[in-house]
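# Tertiary structure, described
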Amino acid sequence: MKNILLTGSFVMLSSLSCFSQNNNVITVQTDQATQVIPKEIYGQFAEHLGTCIYGGLWVGPESSIANQDGYRLDVLNALKDLNIPVLRWPGGCFADEYHWMDGIGPKENRPTMINNNWGGTVEDNSFGTHEFLNLCEILECEPYISGNVGSGTVEELAKWVEYMTSNDQSPMADLRRQNGREKAWDVKYLGVGNESWGCGGNMRPEYYADLYRRYATYCRNFSGNRLFKIASGASDYDYNWTKVLMDRVGRQMDGLSLHYYTVAGWEGSKGSATDFDNDDYYWTLGKCREVEDVLKKHCDIMDEYDKNKNIALLLDEWGTWWDEAPGTVPGHLYQQNTLRDAFVASLSFDIFHKYTDRLKMANIAQIANVLQSMILTDGDKMVLTPSYYVFKMYNVHQDATHIPLDIACDTIEVRDGRKLPLISATASKDKNGKIHISMSNVDIKKDQEVVINLPGLNAKKVTGEIITAKNIDDYNSFENPNKVVLKPFDGAKVKKDQLIVKVPAHSIVTLEL
Ligand code: AHR
């Protein structure tokens, strides 16, 4: 174990409006609550990758695993509890090699293909457009279709849109009817390519900008359906991509995407998901928090071209990326998920909430069995990850009004000289007037007392929930599925216009006032 230097230094995350002897002071700025946190910040992503779709979401109607029309029931029920607002599909890198017509019609006639991006696995196309859009209807979430620009054609994508959304007498709408679906689906979000700078075609932003304009022209609105067209955006620190797209595409896109992974680097080992030391843990949370700087810089560039914020920024891939679990299929990106991953989720949401004047969607990668998943499956077994429980706990913030916080707390210095605040928090007011405050104490060893000033709130009662575990590397396994779960929390007390909260070491709480 490496030593960590606890600096005891004091960080002021925004203008501090109060002072206390206690180093952890949060002031809730109720008078500044104006921005709604779009529920789409809690979006999900499902790619044809490893066992995300096959085995994770879909087992087929003939499976011995309990299912509803092919969707596994245990997973379906767990996902219903998450109130998923939007689900992105079919990729990822897979999207730019996917030909949608291979995934419609009788299953026995659907051709197979090789999933070149992800382990060379044979894809039998048994999960296609109908299976995906019907799943979205069951989950009551918006579909987000990622179109093939890299190896597809404008005609192919234009016809897909017509197939999904037209209620007219038209060739594609008729084909859909022949395949058993009379009424068009509602499809709002359309991604025009994915990572077009990389697996989606290795393009220059200038070239992609023109290509986007061409594709977007022919992806039409049918039968009252209004597409929200999303241009393939930058990776992490590639600010030039955002600049060129804003300059050359502008209002022809409704949104521009961005990908940010909490990853140790793209070459060599990314580190173990479960076997890490304290230094690795703090470094990970520092790297996760760096998304704030990245978001700010992309937002600043967008502001230069679009002062009124008409074009949305969508972080449509984010989360942790570790080495694949030993013994799993190479290229399937299967990883375990510990309390450390849960912190990556909570800290990320705390940041995302602050940028929702521009940031309108975020999609965790991915929903099942891939990267920072919500759910892990193995045959008929299923387990919910610590990250799942953070999503569940933070659900209260969906579509609630964000309340800015002034946060003052100690920091810890981690490798690379980053200073990591030991407390992270966010707050919102829901439609019924209830206030929710979520807080993470990332300190491995020390409980933290936090004083929360609630000017003018007149709170009388506080209840709460907590996610924690004995160790930061604890996770839920098929043998021990309830090691890291949500539990009731009673460590908060109302005292006049303050809340005094004892947040246990390495824990995440959400309070309701
Ligand atoms: O989420 C896994 C992969 O990461 C996606 O397919 C790709 O878009 C990104 O590089």
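Residues numbered from 1 in each chain as written. Predicted model: local features only at pLDDT ≥ 70, side-chain atom pairs only at ≥ 80, totals over all residues. Heavy atoms only, no water.

## What about helix H4 (residues 171-178)?
Among the residues of H4, Met172, Ala173, Arg176 and Arg177 are the ones counted as buried. What you see down the axis of H4 is that its buried residues fit within an arc of 145 degrees, all on one side. Looking at H4, the residues exposed on the side facing more than 90 degrees away from the buried face are Pro171 and Gln178. Packed against the buried residues of H4 are helix H2 (129-139) and helix H3 (154-165). Gly180, located one to two residues past H4, shows a positive phi value of around 100 degrees. (Buried < 20%, exposed > 50% of the residue type's maximum accessible area, 1.4 Å probe, protein only. Helix = DSSP H or I, 4+ residues; strand = E, 2+ residues; numbered from the N terminus. Arc of directions from axis to C-beta. Contact = heavy atoms within 4.5 Å.)

## Here's the deal with the confidence of the model for the chain
Looking at the chain as a whole, the pLDDT averages 94, with 96% of positions reaching at least 70. Residue range residues 1-21 is modelled with pLDDT below 50. Its contacts to residues more than four positions away, or to other chains, number 51 contacts. (pLDDT = per-residue confidence, 0-100.)

## Some words on the site of the ligand
In the vicinity of the ligand lie 13 residues, with Glu47, Cys93, Glu195, Tyr261 and Glu317 positioned nearest. Separating an oxygen atom of the ligand from a backbone N or O atom of Cys93 is a distance of 2.8 Å. Glu317 is positioned with one of its side-chain polar atoms (N or O) 2.7 Å from an oxygen atom of the ligand. Within the complex, the protein chains bury 94% of what would otherwise be the 290 Å² of accessible surface of the ligand. (Near = heavy atom within 4 Å. Polar contact = N/O pair within 3.5 Å; in protein donor to acceptor, adjacent residues only side chain to side chain. Areas by Shrake-Rupley, 256 points an atom, 1.4 Å probe, with all protein chains shown as cover.)

## Here we look at the domain arrangement of the chain
Considered domain by domain, the chain is made up of domain 1 (3-35 + 403-512) and domain 2 (39-273 + 310-399). Each of domain 1 and domain 2 was reduced to a C-alpha centroid, and the two centroids are 31 Å apart. Across the boundary between the two partners, domain 1 contributes 35 residues, which contact 32 residues of domain 2. A combined buried area of about 2500 Å² lies between domain 1 and domain 2, and 66% of that area is made up of carbon and sulfur atoms. Applying the counting rule to domain 1 against domain 2 returns 11 residue pairs in polar contact (both at pLDDT 80 or more). Taken together, the elements giving at least two residues each to the side of domain 1 that touches domain 2 come down to strand E20 (423-429), strand E21 (435-441), strand E23 (463-468) and strand E27 (507-512). The element best represented in the side of domain 1 that touches domain 2 is E20, accounting for five residues. In terms of residue class, the side of domain 1 that touches domain 2 is built from 15 nonpolar, 15 polar and five charged. (Domains from an automatic or database assignment. Buried area = accessible area lost by both parts, 1.4 Å probe. Nonpolar A, V, L, I, M, F, W, Y, C, P; charged D, E, K, R; others polar.)

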